Amino acid sequence: MQFDSGGSDSGLQSEINITPLVDVVLVLLIIFMVIVPLLMKGYDVGIPPAATDAAPVQSEVPQVLLKLASTACPILEPPSDEGVPANCRVTLADQEIAATELPTRVAQVMSDRPADKRVLFLGADDRLNYEGVLRIVDLAMAGVPDLKIEFVEAN
Amino acid sequence: MRLGEPSKMNAAINITPLVDVVLVLLIIFMVMAPQMRNGPEVDLPDTKKPSEQGDERSRILVSIDQAGQLWINDRQVAVEQLGEGLREAVGTDTDPKVVIRGDAKLDFRQVREVMVAIEQAGFRGVGLIAKPAGAGAQGE
(Lines give C-alpha, C1' and ligand atoms only; values in the text may rest on other atoms or scores of the structure.)
Protein backbone atom coordinates (compact mmCIF):
# COMPACT_ATOMS: atom_id res chain seq x y z
CA MET A 1 0.00 0.00 0.00
CA GLN A 2 1.29 3.40 -0.84
CA PHE A 3 0.73 6.49 1.19
CA ASP A 4 0.24 9.33 -1.19
CA SER A 5 -0.84 12.68 0.04
CA GLY A 6 -2.59 14.00 -2.97
CA GLY A 7 -3.96 10.80 -4.45
CA SER A 8 -7.69 11.05 -4.54
CA ASP A 9 -8.17 8.11 -6.82
CA SER A 10 -7.56 5.40 -4.23
CA GLY A 11 -10.80 4.47 -2.50
CA LEU A 12 -9.01 3.32 0.69
CA GLN A 13 -10.31 4.49 4.03
CA SER A 14 -7.51 5.01 6.52
CA GLU A 15 -9.82 5.56 9.51
CA ILE A 16 -10.15 2.68 11.92
CA ASN A 17 -13.68 1.48 12.27
CA ILE A 18 -14.38 1.98 15.95
CA THR A 19 -17.99 0.86 15.87
CA PRO A 20 -17.46 -2.72 17.12
CA LEU A 21 -15.13 -1.42 19.80
CA VAL A 22 -17.69 1.08 21.05
CA ASP A 23 -20.30 -1.62 20.91
CA VAL A 24 -18.37 -4.08 23.06
CA VAL A 25 -17.28 -1.43 25.55
CA LEU A 26 -20.81 -0.17 26.05
CA VAL A 27 -22.14 -3.68 26.59
CA LEU A 28 -19.43 -4.29 29.18
CA LEU A 29 -20.39 -1.02 30.83
CA ILE A 30 -24.01 -2.13 31.06
CA ILE A 31 -23.04 -5.51 32.50
CA PHE A 32 -20.93 -3.90 35.20
CA MET A 33 -23.56 -1.30 35.99
CA VAL A 34 -26.06 -4.07 36.65
CA ILE A 35 -23.73 -6.24 38.73
CA VAL A 36 -21.90 -3.73 40.88
CA PRO A 37 -24.87 -2.51 42.92
CA LEU A 38 -25.67 -6.12 43.77
CA LEU A 39 -22.28 -6.74 45.36
CA MET A 40 -22.22 -6.17 49.07
CA LYS A 41 -19.54 -5.33 51.57
CA GLY A 42 -19.54 -5.92 55.27
CA TYR A 43 -18.13 -7.81 58.23
CA ASP A 44 -18.40 -11.48 59.12
CA VAL A 45 -19.40 -11.81 62.74
CA GLY A 46 -20.85 -14.49 64.93
CA ILE A 47 -22.48 -15.25 68.22
CA PRO A 48 -21.08 -18.05 70.36
CA PRO A 49 -23.47 -21.03 70.25
CA ALA A 50 -25.87 -20.77 73.16
CA ALA A 51 -25.17 -24.28 74.44
CA THR A 52 -21.51 -23.67 75.24
CA ASP A 53 -22.27 -20.25 76.69
CA ALA A 54 -23.17 -21.71 80.07
CA ALA A 55 -19.92 -23.62 80.45
CA PRO A 56 -17.08 -21.49 79.12
CA VAL A 57 -14.44 -23.66 77.54
CA GLN A 58 -11.04 -23.29 79.13
CA SER A 59 -8.73 -23.39 76.17
CA GLU A 60 -4.96 -23.06 76.25
CA VAL A 61 -5.15 -19.48 74.96
CA PRO A 62 -7.20 -17.06 77.03
CA GLN A 63 -10.19 -15.39 75.42
CA VAL A 64 -9.76 -11.76 74.48
CA LEU A 65 -12.71 -9.63 75.46
CA LEU A 66 -13.32 -6.18 74.08
CA LYS A 67 -15.86 -4.26 76.12
CA LEU A 68 -17.78 -1.30 74.79
CA ALA A 69 -19.59 0.57 77.53
CA SER A 70 -22.03 3.34 76.77
CA THR A 71 -20.44 5.48 79.48
CA ALA A 72 -16.83 5.24 78.29
CA CYS A 73 -17.70 5.34 74.61
CA PRO A 74 -20.85 7.40 74.22
CA ILE A 75 -21.85 6.72 70.62
CA LEU A 76 -25.59 6.83 71.12
CA GLU A 77 -26.40 8.60 67.88
CA PRO A 78 -24.98 7.88 64.42
CA PRO A 79 -21.55 9.55 64.30
CA SER A 80 -21.70 12.71 62.25
CA ASP A 81 -18.26 12.29 60.69
CA GLU A 82 -16.00 9.41 59.78
CA GLY A 83 -14.35 7.16 62.34
CA VAL A 84 -15.15 7.03 66.03
CA PRO A 85 -15.28 10.08 68.32
CA ALA A 86 -11.98 10.94 70.03
CA ASN A 87 -13.49 10.55 73.50
CA CYS A 88 -14.41 6.92 72.91
CA ARG A 89 -12.54 4.59 75.26
CA VAL A 90 -12.85 0.83 75.18
CA THR A 91 -11.64 -1.99 77.40
CA LEU A 92 -9.49 -4.56 75.64
CA ALA A 93 -8.49 -7.52 77.82
CA ASP A 94 -9.11 -5.50 81.02
CA GLN A 95 -7.05 -2.54 79.83
CA GLU A 96 -8.77 0.72 79.07
CA ILE A 97 -7.47 2.25 75.84
CA ALA A 98 -8.60 4.87 73.38
CA ALA A 99 -10.62 3.38 70.54
CA THR A 100 -8.22 4.86 68.01
CA GLU A 101 -5.44 2.63 69.39
CA LEU A 102 -7.47 -0.49 68.64
CA PRO A 103 -5.79 -1.56 65.37
CA THR A 104 -2.32 -1.69 66.94
CA ARG A 105 -3.45 -3.12 70.29
CA VAL A 106 -5.55 -5.89 68.73
CA ALA A 107 -2.69 -6.75 66.40
CA GLN A 108 -0.36 -6.96 69.45
CA VAL A 109 -2.68 -9.24 71.39
CA MET A 110 -3.34 -11.51 68.41
CA SER A 111 0.17 -11.58 66.98
CA ASP A 112 1.39 -14.69 68.83
CA ARG A 113 -1.77 -16.73 68.23
CA PRO A 114 -2.33 -19.28 65.50
CA ALA A 115 -4.64 -18.02 62.78
CA ASP A 116 -7.62 -20.10 63.90
CA LYS A 117 -7.42 -18.79 67.47
CA ARG A 118 -7.66 -15.16 66.50
CA VAL A 119 -11.07 -14.58 68.01
CA LEU A 120 -12.16 -11.35 69.59
CA PHE A 121 -15.16 -11.48 71.91
CA LEU A 122 -16.99 -8.20 71.70
CA GLY A 123 -19.36 -7.18 74.44
CA ALA A 124 -21.11 -4.05 73.24
CA ASP A 125 -23.67 -2.15 75.27
CA ASP A 126 -27.17 -2.50 73.84
CA ARG A 127 -27.77 1.25 73.90
CA LEU A 128 -24.88 2.04 71.59
CA ASN A 129 -25.60 3.04 68.03
CA TYR A 130 -25.25 0.24 65.50
CA GLU A 131 -23.09 2.30 63.17
CA GLY A 132 -20.76 3.15 66.06
CA VAL A 133 -20.39 -0.52 66.97
CA LEU A 134 -19.63 -1.44 63.37
CA ARG A 135 -16.93 1.21 63.26
CA ILE A 136 -15.31 -0.34 66.32
CA VAL A 137 -15.47 -3.71 64.56
CA ASP A 138 -13.85 -2.04 61.58
CA LEU A 139 -11.03 -0.67 63.77
CA ALA A 140 -10.45 -4.03 65.42
CA MET A 141 -10.26 -5.77 62.06
CA ALA A 142 -7.97 -3.13 60.59
CA GLY A 143 -5.07 -4.59 62.57
CA VAL A 144 -5.87 -8.26 62.01
CA PRO A 145 -7.67 -8.92 58.71
CA ASP A 146 -8.55 -12.56 59.50
CA LEU A 147 -9.92 -11.74 62.94
CA LYS A 148 -13.14 -13.52 63.97
CA ILE A 149 -15.58 -11.41 65.92
CA GLU A 150 -18.01 -13.04 68.32
CA PHE A 151 -20.65 -10.88 69.96
CA VAL A 152 -21.24 -11.69 73.61
CA GLU A 153 -23.59 -10.23 76.20
CA ALA A 154 -22.26 -7.02 77.68
CA ASN A 155 -22.45 -6.97 81.45
CA MET B 1 -19.01 12.99 -2.90
CA ARG B 2 -19.62 15.72 -5.35
CA LEU B 3 -22.48 15.72 -7.75
CA GLY B 4 -21.56 14.65 -11.22
CA GLU B 5 -18.54 12.67 -10.15
CA PRO B 6 -18.59 8.94 -10.70
CA SER B 7 -19.99 7.65 -7.44
CA LYS B 8 -17.42 6.93 -4.78
CA MET B 9 -18.80 4.97 -1.85
CA ASN B 10 -18.86 6.52 1.58
CA ALA B 11 -17.24 3.77 3.62
CA ALA B 12 -17.81 5.23 7.09
CA ILE B 13 -20.61 3.50 8.93
CA ASN B 14 -23.08 5.82 10.49
CA ILE B 15 -22.81 4.96 14.19
CA THR B 16 -25.40 7.45 15.36
CA PRO B 17 -28.33 4.97 15.53
CA LEU B 18 -26.12 2.42 17.28
CA VAL B 19 -25.03 4.85 19.96
CA ASP B 20 -28.61 5.97 20.23
CA VAL B 21 -29.93 2.48 20.93
CA VAL B 22 -27.12 1.62 23.33
CA LEU B 23 -27.63 4.79 25.33
CA VAL B 24 -31.34 4.10 25.62
CA LEU B 25 -30.53 0.59 26.91
CA LEU B 26 -28.09 2.12 29.34
CA ILE B 27 -30.75 4.47 30.68
CA ILE B 28 -33.25 1.62 30.99
CA PHE B 29 -30.81 -0.42 33.05
CA MET B 30 -29.88 2.57 35.18
CA VAL B 31 -33.53 3.04 36.05
CA MET B 32 -34.21 -0.66 36.57
CA ALA B 33 -31.14 -1.61 38.60
CA PRO B 34 -32.18 0.00 41.91
CA GLN B 35 -35.59 -1.66 41.65
CA MET B 36 -34.07 -5.11 41.24
CA ARG B 37 -32.62 -4.72 44.71
CA ASN B 38 -34.25 -6.86 47.36
CA GLY B 39 -35.81 -5.48 50.48
CA PRO B 40 -36.59 -2.04 51.84
CA GLU B 41 -34.45 1.04 51.62
CA VAL B 42 -31.83 0.92 54.32
CA ASP B 43 -29.33 3.62 55.15
CA LEU B 44 -26.31 1.34 55.65
CA PRO B 45 -23.62 2.32 58.17
CA ASP B 46 -20.48 3.94 56.76
CA THR B 47 -17.26 2.21 57.69
CA LYS B 48 -13.71 2.38 56.41
CA LYS B 49 -12.86 -1.07 55.10
CA PRO B 50 -15.69 -3.58 54.87
CA SER B 51 -14.71 -6.83 53.17
CA GLU B 52 -16.47 -8.51 50.26
CA GLN B 53 -19.74 -10.23 51.10
CA GLY B 54 -20.60 -11.50 47.66
CA ASP B 55 -23.56 -10.99 45.42
CA GLU B 56 -26.83 -10.25 47.17
CA ARG B 57 -28.71 -12.78 45.06
CA SER B 58 -26.66 -15.59 46.59
CA ARG B 59 -27.36 -14.56 50.18
CA ILE B 60 -30.39 -14.48 52.41
CA LEU B 61 -30.94 -10.83 53.11
CA VAL B 62 -32.31 -9.87 56.49
CA SER B 63 -33.00 -6.16 56.54
CA ILE B 64 -33.82 -4.06 59.57
CA ASP B 65 -35.22 -0.72 58.52
CA GLN B 66 -35.12 2.51 60.46
CA ALA B 67 -38.36 1.70 62.25
CA GLY B 68 -36.88 -1.60 63.41
CA GLN B 69 -39.07 -3.71 61.15
CA LEU B 70 -37.69 -6.96 59.85
CA TRP B 71 -37.55 -8.10 56.26
CA ILE B 72 -36.38 -11.35 54.73
CA ASN B 73 -35.38 -10.51 51.18
CA ASP B 74 -38.36 -8.42 50.05
CA ARG B 75 -40.94 -9.73 52.49
CA GLN B 76 -41.71 -8.15 55.83
CA VAL B 77 -41.87 -10.60 58.72
CA ALA B 78 -42.66 -10.42 62.41
CA VAL B 79 -39.80 -11.07 64.83
CA GLU B 80 -41.40 -14.33 66.01
CA GLN B 81 -41.58 -15.65 62.46
CA LEU B 82 -38.00 -14.87 61.58
CA GLY B 83 -36.72 -18.43 62.09
CA GLU B 84 -39.56 -19.91 60.10
CA GLY B 85 -39.10 -17.37 57.33
CA LEU B 86 -35.37 -18.06 57.19
CA ARG B 87 -35.89 -21.80 56.81
CA GLU B 88 -38.29 -21.08 53.98
CA ALA B 89 -35.80 -18.76 52.33
CA VAL B 90 -33.08 -21.41 52.42
CA GLY B 91 -34.95 -23.62 49.96
CA THR B 92 -32.54 -26.00 48.30
CA ASP B 93 -29.43 -23.96 49.05
CA THR B 94 -26.87 -26.30 50.61
CA ASP B 95 -24.65 -23.59 52.04
CA PRO B 96 -26.96 -20.72 52.92
CA LYS B 97 -25.41 -17.51 54.17
CA VAL B 98 -27.33 -14.83 55.97
CA VAL B 99 -26.44 -11.17 55.91
CA ILE B 100 -27.98 -8.38 57.93
CA ARG B 101 -28.63 -5.01 56.35
CA GLY B 102 -29.22 -2.86 59.38
CA ASP B 103 -30.00 0.83 59.34
CA ALA B 104 -27.27 3.09 60.70
CA LYS B 105 -29.67 4.76 63.14
CA LEU B 106 -30.62 1.57 64.95
CA ASP B 107 -29.56 0.74 68.48
CA PHE B 108 -27.14 -2.13 68.71
CA ARG B 109 -29.75 -4.02 70.75
CA GLN B 110 -32.08 -4.33 67.77
CA VAL B 111 -29.34 -5.79 65.60
CA ARG B 112 -28.08 -8.10 68.32
CA GLU B 113 -31.56 -9.53 68.93
CA VAL B 114 -31.88 -10.34 65.24
CA MET B 115 -28.42 -11.95 65.28
CA VAL B 116 -29.47 -14.12 68.22
CA ALA B 117 -32.67 -15.10 66.41
CA ILE B 118 -30.71 -16.03 63.29
CA GLU B 119 -28.31 -18.08 65.38
CA GLN B 120 -31.22 -19.87 67.05
CA ALA B 121 -32.60 -20.70 63.62
CA GLY B 122 -29.45 -22.72 63.05
CA PHE B 123 -27.21 -20.39 61.09
CA ARG B 124 -23.62 -19.99 62.19
CA GLY B 125 -22.30 -16.51 61.63
CA VAL B 126 -23.79 -13.62 59.74
CA GLY B 127 -22.42 -10.80 57.65
CA LEU B 128 -23.14 -7.27 58.78
CA ILE B 129 -23.45 -5.18 55.65
CA ALA B 130 -21.90 -1.74 55.58
CA LYS B 131 -20.90 0.63 52.86
CA PRO B 132 -17.38 1.95 52.43
CA ALA B 133 -17.20 5.57 53.59
CA GLY B 134 -17.53 7.97 50.71
CA ALA B 135 -19.13 5.42 48.38
CA GLY B 136 -22.15 7.60 47.78
CA ALA B 137 -25.68 6.30 47.82
CA GLN B 138 -25.04 2.58 47.59
CA GLY B 139 -27.76 0.57 49.16
CA GLU B 140 -30.56 3.03 48.69
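In what follows, the structure referred to is the one given above.
Bear in mind that the values here come from a model prediction, so they are computed numbers and not experimental data.

1. Here we look at the pattern of salt bridges
Per the counting criterion, the structure on display carries 16 salt bridges over all chains. Where R112 of chain B meets D126 of chain A, a salt bridge forms, and the shortest distance between an N and an O atom there is 2.8 Å. Residue R112 of chain B is located in helix α3 (residues 108-120), and its partner D126 of chain A is located in the loop between β5 (119-124) and α4 (130-143); the two belong to separate chains. Ionic pairing is found between D43 of chain B and K105 of chain B, a salt bridge with its closest N-O pair at 3.3 Å. Residue D43 of chain B is located in the loop between α1 (16-36) and β1 (46-47), and its partner K105 of chain B is located in the loop between β6 (98-102) and α3; the two are separated by 62 residues in the primary sequence. Take K105 of chain B: its relative accessible area is 42%, and that puts it in the partly exposed class. Here the salt bridges share partners, and the residues they tie into one network are D43, D46, K105 and K131 of chain B.

2. As for the interface of chain A and chain B
Opposite the 41 residues of chain A that make contact, chain B presents 53 residues. On the chain A side of the interface with chain B, the three residues burying the most area are M40, K41 and Y130 of chain A, jointly 20% of the side's total. Here R112 of chain B makes a salt bridge to E153 of chain A, at a shortest N to O gap of 3.1 Å. Across the contact surface, chain A and chain B share 20 residue pairs in polar contact (both at pLDDT 80 or more). Among the secondary structure elements, those contributing two or more residues to the side of chain A that touches chain B are α1 (19-35), β1 (39-46), α4 and β6 (148-152) of chain A. Counting residues per element, the side of chain A that touches chain B draws most heavily on β1 of chain A, which supplies eight residues. Its residues placed into classes, the side of chain A that touches chain B shows 21 nonpolar, eight polar and 12 charged. Looking at chain direction, β1 of chain A and strand β2 (residues 51-55) of chain B are connected through three bridges and run antiparallel. Bridging from a neighbouring strand, G42 of chain A pairs with S51 of chain B of β2 of chain B.

Reading guide: rules and limits
Residues numbered from 1 in each chain as written. Chains lettered and ligands numbered in written order. Predicted model: local features only at pLDDT ≥ 70, side-chain atom pairs only at ≥ 80, totals over all residues. Heavy atoms only, no water. Salt bridge = Lys/Arg side-chain N within 4 Å of Asp/Glu carboxyl O. Helix = DSSP H or I, 4+ residues; strand = E, 2+ residues; numbered from the N terminus. Buried < 20%, exposed > 50% of the residue type's maximum accessible area, 1.4 Å probe, protein only. Contact = heavy atoms within 4.5 Å. Buried area = accessible area lost by both parts, 1.4 Å probe. Polar contact = N/O pair within 3.5 Å; in protein donor to acceptor, adjacent residues only side chain to side chain. Nonpolar A, V, L, I, M, F, W, Y, C, P; charged D, E, K, R; others polar. Pairing = 2+ DSSP bridges.

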